[in-house]
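Okay, here's what each chain looks like letter by letter:
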Amino acid sequence: MKIEEIKARKKWFDYLSYGNSTSVNLERVKSVSLITGNEVLEYVLKTLEIFDSELEESYKSNEATSYSLEKLSPKELKIIKSVLEWSEVSKCGSLNDRESWKKMGYDLEIHNLASAEIYQNDISPYEDSNICQCTYKLIASHGLIGQAIRGEVACDAKLNKELYGLVDTFGKERFKAMLLLLNKCIIAAVSNDIWCRVKADVEKIIDGIINKKIEPFTSNERLRRLCPKMLDAADPEKSKENVTFFENNIFNRHIDLWYFESSLGCFAPKDILKILELVFEKAGNDFEQLKFKPVQDVLYYDYYGIKSINVYKKRIIEHYLETGDSTHVGLVVERVDNLTGDCPVVCRESKAVVAGNTVKVSFKFSAAAEKLCDFCVEAERSGILSYEKSIIMIFDMFHFRRDEFDRLNNEDSYLSAMNDADESTKESIVDFAVGDEIVDVGSGGGVLLDLLENKYPDKKILGTDISENVIETLTNKKQRENHNWSVMRHNFVEGPLFFGSVEEEKRKATSIIFSSILHEVYSYTDTKDGKFNIDSVKKALSNAYESLKKGGRIIIRDGIKTDSKEKLKVTFKTKEGMDFFKNYVNDFKGLKEIKREFEIEGDSVCGDINFMREFLYTYTWGIQSYAHEVQEQFGYMTMREYKEFFDELGANVIEAKQFFEEGYREHLSPLVELDKEFPDSNCIIVVEKS
């Protein structure tokens, strides 16, 4: 082998290792800060490692494998290895390499096609023309099966063009073995769990290829794979509209969608549709690929060392999509010139008239918005109470979307904490549910929905919440984990909830669960007399009672207030504790009937037992949640008041107990010392409609 041929064959490694990696899929990294620029090379080496491992396993076992590797010739194995080596090269390369490829007319935005051209240009003088042509076609179709499974491309339209001809070249059985081995290396190198999950789909598509008849997905199925949240079982009419939109604007026009779910999956369905409408308005119709990678690059950042969506930027984008106000951000649509790879036109308010098969989509923030987001990120990292409150104030000032008790970037960790907290008592209330239609009010992180589904797999389970953030999170969880429960936005303070058939009695629920949610109703609902008004709780419970069938149940798990007039003394074990308490006294607006009179001595403070308990509940959540928890009063009714209310309502009380939740002791013991045992903190109440 001549020295020139040796250099040509190792160029793939040079491109990947010495070049500048320009395309790291952030969906596949755990932390943005840990990106080294070598991710593409590491991925390719992983595919080759799996390739070698599969061959070694086949030789060791001396048995036929699902890939029939024993049937493949050295030439066919060489082709597969070359495909793995060269398929990602166009994502890297030095600046000189990339400029050279652009001048040669390679479309670097479509990396599989560009990589195939680079391979052919570098290798064709030294390779058998038949091997070169087969390798070229497999590189050009690299990753398309995975994209088809995700709904990003139409599997029949793209794959038959490149691969049907190779069936006759290799024969059905040998080509099937080649494709199975190749796709295992490609997909398992991303994640073996993903490979196990999609293996059956891969085999089905490969069977279609070798029989030259791929069955395309229906529009419904393709949209489900592309973006599951666009299909809502609770709203079939809206789902049908969404399918029609994608069918008319994307599927029937054979437009490929690159990085779609990883870039837009954090948005609500209405926002996704709005983004697409704006793209088509600005970019025209004559393109073949929509690439959302730049959106991904804009939105992802590290939150406490873990890759997350920058919720501050997301909210500013949502405000723009809802109002059309581009003061702080605008949609950027770039038509790529396929001859140079450049993006000569940036379209924000006008249509682009530039030839090119690829359209890149992103968002451009104003300098003020960028600084605002930078401030919010730094403020959240600081953990200073005043900064947390400042973030909320600024978002209100700019009119960006924020729920009344929005925790912004702390939402996910808060919901995770909710899922972990008090699970034993949540499990116990599930046993009280009766009938076939169960409603979980204020579903939060979804742990109770999961418990209900596991215990009652054949019943209709509906989760409700008044927070758009929570509905988004639960919808993503439902699709990601394939749950059967449904979610919807509803507020029992505003009225009853009916669902099901048109017959009134069947439209009512059989069980309605308020698990740690009524204290939020009490704390956040605005009435004519302001917040912290017990009438809001009574209204919610009355509307829930009206929503029940006869024999149906309301199940409550929440905080409990004590009738005791005692005082509680708290001694802080850290110097921050007293500062936390003084902030709390100033910021907490609940317990209006209690005088703010405290005896402070050194590191100790003594005051009304209900007030001190409320402080300790907030102290338990820590500084991250302070700005939100300080707005809530956990104990709002005594057991005596609960029973009196349900007697007036005409309900039968079948369970009423109060207890101390041991989690408080566990979390508070390193922080405080108390002069007496805690009174009961929680209650479980079950009433039945007579």
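Provided above is the structure to which this section pertains.
What you see is a predicted model; the values in this text were computed from it and never measured.

Engineer: Describe in detail the side chain of Asn 112, supporting the description with residues and values.
Structural biologist: For Asn 112, the position within the fold is in helix H6 (residues 111-123). Setting aside anything within four residues of it in sequence, one finds Asn 112 in contact with Ile 139, Ala 140, Ser 141, His 142, Leu 144 and Trp 258.

Engineer: Please set out the sheet that holds strand S15 (residues 604-608) residue by residue, giving values where relevant.
Structural biologist: Sheet architecture is open: four strands sit in the order S14-S15-S13-S17, paired in antiparallel fashion. The two strands at the open ends of the sheet, each matched to only one other strand, are strand S14 (599-601) and strand S17 (672-674). Here the average twist between neighbouring strands, direction ignored, is 20°. Sheet topology note: the strand S13 (residues 567-572)/S17 ladder contains three bridges and is antiparallel. Of the residues in S17, the one forming a bridge with Phe 572 is Val 672. Taken strand by strand, helix H27 (residues 609-621) contacts S13, S15 and S17, and its axis lies near 35° from that of S13.

Engineer: How would you sum up the environment of Glu 614? Please name residues and give values.
Structural biologist: Note that Glu 614 resides in helix H27. Sequence spacing of Glu 614 and Glu 632 is 18 residues, and the spatial spacing of their C-alpha atoms is 8.6 Å. Discounting residues that sit within four places of it in the chain, Glu 614 has contacts with Tyr 584, Phe 588, Leu 591, Glu 632, Gln 633, Phe 634 and Gly 635.

Engineer: Just give me the short version of H6, but keep the residues and values in it.
Structural biologist: Here H6 contains 13 residues, and its C-alpha end-to-end distance of 18 Å stays within 8% of the 18 Å for a straight helix at 1.5 Å per residue. Every buried residue belonging to H6 is among His 111, Asn 112, Ala 114, Ser 115, Ala 116, Ile 118, Tyr 119, Asp 122 and Ile 123, and all of these are buried.

Engineer: Now, about the sheet that holds strand S11 (residues 509-515): what can you tell me, with residues and values included?
Structural biologist: On the basis of which strands lie adjacent, the open sheet formed by seven strands has the order S10-S9-S8-S11-S12-S18-S16 and mixed pairing. In the strand order of this sheet, the two ends are held by strand S10 (486-489) and strand S16 (652-659), each with one partner. Each strand axis lies, on average, 15° off the axis of its neighbour in the sheet, ignoring direction. Where strand S8 (residues 437-441) meets S11, four bridges bridge the pair, whose relative direction is parallel.

Engineer: Now, about the packing of aromatic side chains: what can you tell me, with residues and values included?
Structural biologist: Per the stated rule, a full pass over the model turns up 34 aromatic pairs. Between Tyr 584 and Phe 588, the aromatic rings sit 4.9 Å apart at their centres with planes inclined by 15°, giving stacked as the arrangement. For the residue pair Tyr 584 and Phe 588, the accessibility class agrees, reading buried in each case. Relative to Phe 646, the ring of Phe 645 has its centre 5.3 Å away and its plane inclined at 65°; by these criteria the two rings are edge-to-face. The two residues Phe 645 and Phe 646 agree in class, both being buried. When the ring centre of Phe 365 is taken as reference, the NZ or CZ atom of Lys 313 above it lies at 5.4 Å. Note that Lys 689 overlies the ring of Tyr 545, its terminal NZ or CZ placed 5.3 Å from the centroid.

Engineer: Give a description of unusual backbone geometry that names residues and reports values.
Structural biologist: We note that Phe 532 has phi near 55°; this positive angle belongs to a residue other than glycine. In this structure Phe 532 comes out as buried when scored by relative accessible area, which is 12%. The phi torsion at Leu 591 lies on the positive side, around 45°, for a residue other than glycine. By the element assignment, Leu 591 lies in the loop between helix H26 (576-587) and S14. The exposure class of Leu 591 is buried, given its relative accessible area of 1%.

About the thresholds
Residues numbered from 1 in each chain as written. Predicted model: local features only at pLDDT ≥ 70, side-chain atom pairs only at ≥ 80, totals over all residues. Heavy atoms only, no water. Helix = DSSP H or I, 4+ residues; strand = E, 2+ residues; numbered from the N terminus. Contact = heavy atoms within 4.5 Å. Pairing = 2+ DSSP bridges. Axes fitted to C-alpha atoms, helices over the stretch in contact; angles between N-to-C directions. Expected span 1.5 Å × (residues − 1). Buried < 20%, exposed > 50% of the residue type's maximum accessible area, 1.4 Å probe, protein only. Phe/Tyr/Trp six-rings, centres within 6.5 Å; stacked < 30°, edge-to-face > 60°. Lys NZ or Arg CZ within 6 Å of the ring centre and 35° of its normal.

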